[in-house]
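# Reading the structure
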2 protein chains.
Amino acid sequence: MTKRKSESLSPEELRTHGDRLFLSHLSVDCVIFGFHEGQLKVLLLKWKDGPWCLPGGFVKHHESVDYSATRILKERTGLDEIYLKQFHAFGDPQRERGKRYKQGWIANRFVTIGYYALVEYSKVFPQPDLLSSECKWWDVAAVPDLIYDHKQIMTTALETLRLSLNDHPVVYNLMPLKFTMPELQRLYETILGQRLDRRNFQKRMLALDILVKLKERKTGGAHKAPFLYRFDKKKYDRAMKQGLVGGW
Amino acid sequence: MTKRKSESLSPEELRTHGDRLFLSHLSVDCVIFGFHEGQLKVLLLKWKDGPWCLPGGFVKHHESVDYSATRILKERTGLDEIYLKQFHAFGDPQRERGKRYKQGWIANRFVTIGYYALVEYSKVFPQPDLLSSECKWWDVAAVPDLIYDHKQIMTTALETLRLSLNDHPVVYNLMPLKFTMPELQRLYETILGQRLDRRNFQKRMLALDILVKLKERKTGGAHKAPFLYRFDKKKYDRAMKQGLVGGW
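Residues numbered from 1 in each chain as written. Chains lettered and ligands numbered in written order. Predicted model: local features only at pLDDT ≥ 70, side-chain atom pairs only at ≥ 80, totals over all residues. Heavy atoms only, no water.

Least-squares fitting of chain A to chain B yields an RMSD of 0.0 Å, with the superposition described by an axial translation of 0.0 Å and a rotation of 180°. In symmetry terms, the pair is related by a two-fold rotation axis. Taking the C-alpha atom as reference, chain A places Asp-167 of chain A closest to the rotation axis, 2.9 Å from it. Of the interface residues in chain A, 100% have counterparts in chain B that sit at the interface too, so the contact is made through matching surfaces. (Least-squares fit on C-alpha atoms with pLDDT ≥ 70 in both. Contact = heavy atoms within 4.5 Å.)

And the structure:
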């Protein structure tokens, strides 16, 4: 029973003596991206007594950092086994400038390890935690003020994702199984934050040789319904591993 | 004077009360690569009382993590303003299995943030620290047993470097200003750990459009002296930023 007890802290105990359960000076923050109705979304939590923030948490004494990120992601979204990537550790001593706590364990300096996740929007059921009143999707272009340096962490995640599009297809987990070329282009445009030429996009995307064109067309639209595509998972996986240029 | 005193600890104080100067649970390790006589090298330290390890250290209370890495690199090599890249945080709770210390601050669990650096071999003058008896270059293919999980950290750095070659030219800092195509190929082969076809390598490398072919040939060799090349720094920098495929 002692072990069980040590596995949870009240919000007050967390603030004053979080080191009973967690490592000091170290946190994890998750930038969880989804794609819905032509918009790139990010999942944010609202503290009961305050601002919006990225879903994050601390690392238990006997838990790996990667596992902490997985646990937090699961607690917030109900999902596991998804694409979760550690992208950067944020270690500026001033990174919690203007922080809310003046004393106790939680007022320490924290270095945070950032992860980003690409999830299927429709499979996620956002869940606030004990300290939060809300957990919901926001359009990336319209996120509110975030606590500490969380907006910078989100921006860095987005830049990392953007750069990775130059070299890797990446977006598998953001798309439904079957999609049209305009839908895929819309996702690229949303991540990149810029419009792309339709013909160039299609030409370049097909040249990457990671898509399969299906015989079906998208139904329910106009009479000139666009063709559907899916990823060739084998070729996609190879491109994820070797980069789009291919190995040397 | 108090501040000055707090800026240094004896080896014994570090072991027992390192938290007077440094954050707990957090370290930095640097994988410093150089290239010399056709071999990829890595800079290692030997502890006075024991095994070889990566040059690393701890994060002072008011110091950024990136700065810690820069400081450690400078202490070991005398170099600053070099290509230093944070590549991964190693956060396995078992990562110090078999560790040497049973008690005191240094016996805590440490999450380490890994950086790799690509340096010009000829500009480096390896310097051991207070705890070390030696600091020297080793062939990557022939490193001795390393402490803790340092060999895994080195391997991950090398894999990251390898993968980045698929997408980014990367090797600027490892090459002299002017070089021959066979010299560049040798570097790629060493990083990749495999032989490459000479004609394919040259064709592909030239197609990347980041090299300038000089009118000079390498002197001092046989009568069929090979041409010299240098990087077109502007195109190189663009490829580093956008990836070799180029931006969308």
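What follows deals with the environment of Met-205 of chain B. Note that Met-205 of chain B resides in helix α6 (residues 198-207). The spatial distance from the C-alpha of Met-205 of chain B to the C-alpha of Leu-184 of chain B is 9.5 Å, given a sequence separation of 21 residues. Discounting residues that sit within four places of it in the chain, Met-205 of chain B has contacts with Trp-248 of chain A together with Met-181, Leu-184, Tyr-188, Ile-210 and Leu-211 of chain B. (Helix = DSSP H or I, 4+ residues; strand = E, 2+ residues; numbered from the N terminus.)

All names here are of chain A. A cluster of basic side chains, namely Arg-198, Arg-199, Lys-203, Lys-213, Arg-217 and Lys-224, defines a positive patch on the protein surface. Contributing elements (two or more residues each) for the positive patch: α6 (198-207) and β9 (211-217). Element by element, the count of residues in the positive patch is highest for α6, at three residues. Turning to its location among the elements, Arg-198 is positioned in helix α6. (Patch = residues over 30% accessible without salt bridge, like charges linked within 9 Å, V, L, I, M, F, W, Y side chains within 5 Å. Areas by Shrake-Rupley, 256 points an atom, 1.4 Å probe, with all protein chains shown as cover. Salt bridge = Lys/Arg side-chain N within 4 Å of Asp/Glu carboxyl O. Lys, Arg positive; Asp, Glu negative; His and termini not counted. Charge placed at Lys NZ, Arg CZ, Asp CG, Glu CD.)

This paragraph deals with the interface of chain A and chain B. On the chain B side, the residues contacting the 41 residues of chain A number 41 residues. For the pair chain A and chain B, the summed buried surface comes to about 3200 Å²; carbon and sulfur atoms form 61% of the total. Linking chain A with chain B are zero salt bridges, by the criterion used here. The set of elements that each furnish at least two residues to the side of chain A that touches chain B consists of β1 (22-36), β4 (56-60), β5 (83-90), β6 (111-118), α4 (150-167), α5 (181-192), α6 and α7 (233-242) of chain A. (Buried area = accessible area lost by both parts, 1.4 Å probe.)

Residue and element names in this part refer to chain A. Within the open sheet, the three strands sit side by side as β8-β10-β9. Their pairing is antiparallel. Since the sheet does not close on itself, it has two edges, and those belong to β8 (179-180) and β9, each with one partner. Inspection of the sheet shows β9 paired to strand β10 (residues 227-231) by four bridges, in the antiparallel sense. Bridge pairing in β10 places Leu-211 opposite Phe-231. (Pairing = 2+ DSSP bridges.)

What follows concerns the packing of α5 of chain A against α6 of chain A. Residues and elements named next belong to chain A. Contact pair α5 / α6: the axes reach a minimum separation of 11 Å and the direction vectors enclose 95°. On the basis of the axis angle, α5 is roughly perpendicular to α6. Only Arg-198, Phe-201, Gln-202, Met-205 and Leu-206 of α6 make contact with α5, whose side of the interface consists of Met-181, Leu-184, Gln-185 and Tyr-188. In terms of residue class, the contact of α5 with α6 is made up of six nonpolar, two polar and one charged. (Axes fitted to C-alpha atoms, helices over the stretch in contact; angles between N-to-C directions. Parallel < 35°, antiparallel > 145°, perpendicular 65-115°, else oblique. Nonpolar A, V, L, I, M, F, W, Y, C, P; charged D, E, K, R; others polar.)

Another point: the side chain of Thr-180 of chain B. One can find Thr-180 of chain B in strand β8 (residues 179-180). Those residues in contact with Thr-180 of chain B, other than ones at most four positions away along the chain, are Lys-218, Pro-226, Phe-227 and Leu-228 of chain B.

What follows is about the nonpolar core. In terms of nonpolar packing, the biggest core is built from 68 residues, with Leu-26 of chain A together with Leu-26 of chain B touching the most fellow members. Once you skip the residues sitting within four places of it in the chain, Leu-26 of chain B turns out to touch Leu-26 and Val-111 of chain A together with Phe-58, Val-59, Val-65, Phe-110, Val-111 and Ile-113 of chain B. (Core = buried A, V, L, I, M, F, W, Y, C linked by side-chain atoms within 4.5 Å. Buried < 20%, exposed > 50% of the residue type's maximum accessible area, 1.4 Å probe, protein only.)

We now examine the packing of helix α4 (residues 150-167) of chain B against helix α5 (residues 181-192) of chain B. Residue and element names in this part refer to chain B. Here α4 crosses α5 at 130°, and the two axes come no closer than 9 Å. Considering the angle they form, α4 stands oblique to α5. Of the residues in α5, those touching α4 at Leu-158, Leu-161, Arg-162 and Leu-165 are Tyr-188, Ile-191 and Leu-192.

In this section: the sheet that holds strand β10 (residues 227-231) of chain B. The three strands are arranged β8-β10-β9 (chain B) in an open sheet whose pairing can be described as antiparallel. Each of the sheet's edge strands pairs with one partner strand only, and the pair in question is β8 and β9 (211-217) of chain B.

With that settled, the discussion passes to α4 of chain B. The end-to-end C-alpha separation of α4 of chain B is 26 Å, in line with the 26 Å expected for 18 residues at 1.5 Å each. Along α4 of chain B, the residues that are buried comprise His-150, Ile-153, Met-154, Thr-156, Ala-157, Leu-158, Leu-161, Ser-164, Leu-165, Asn-166 and Asp-167 of chain B. (Expected span 1.5 Å × (residues − 1).)

What follows is about the packing of aromatic side chains. The geometry of an aromatic ring pair is captured by two quantities: the separation of the ring centres and the angle between the planes. In the structure shown here, the tally under the stated rule is 28 aromatic pairs over all chains. Seen from their ring centres, Trp-52 of chain A and Trp-138 of chain A are 5.0 Å apart, and the 80° between their planes marks the pair as edge-to-face. In this pair, Trp-52 of chain A sits in strand β3 (residues 52-53) while Trp-138 of chain A sits in strand β7 (residues 132-139), placing the two residues 86 residues apart along the sequence. Taken together, Phe-22, Phe-58, Trp-105 and Phe-110 of chain A form an aromatic cluster joined through their ring pairs. For Lys-136 of chain A, the ring lying beneath its charged end belongs to Trp-138 of chain A, and the centroid distance is 4.6 Å. Just above the ring of Phe-227 of chain B sits the side chain of Lys-213 of chain B; from NZ or CZ to the centre is 4.3 Å. (Phe/Tyr/Trp six-rings, centres within 6.5 Å; stacked < 30°, edge-to-face > 60°. Lys NZ or Arg CZ within 6 Å of the ring centre and 35° of its normal.)

For the rest of this paragraph, the subject is the pairing of strand β4 (residues 56-60) of chain B. All names here are of chain B. Among the five residues in β4, four count as buried, and that is most of the element. Here four bridges tie strand β1 (residues 22-36) to β4, and the two strands are oriented antiparallel to one another. Across the sheet, Phe-22 pairs through a bridge with Lys-60, a residue of β4.

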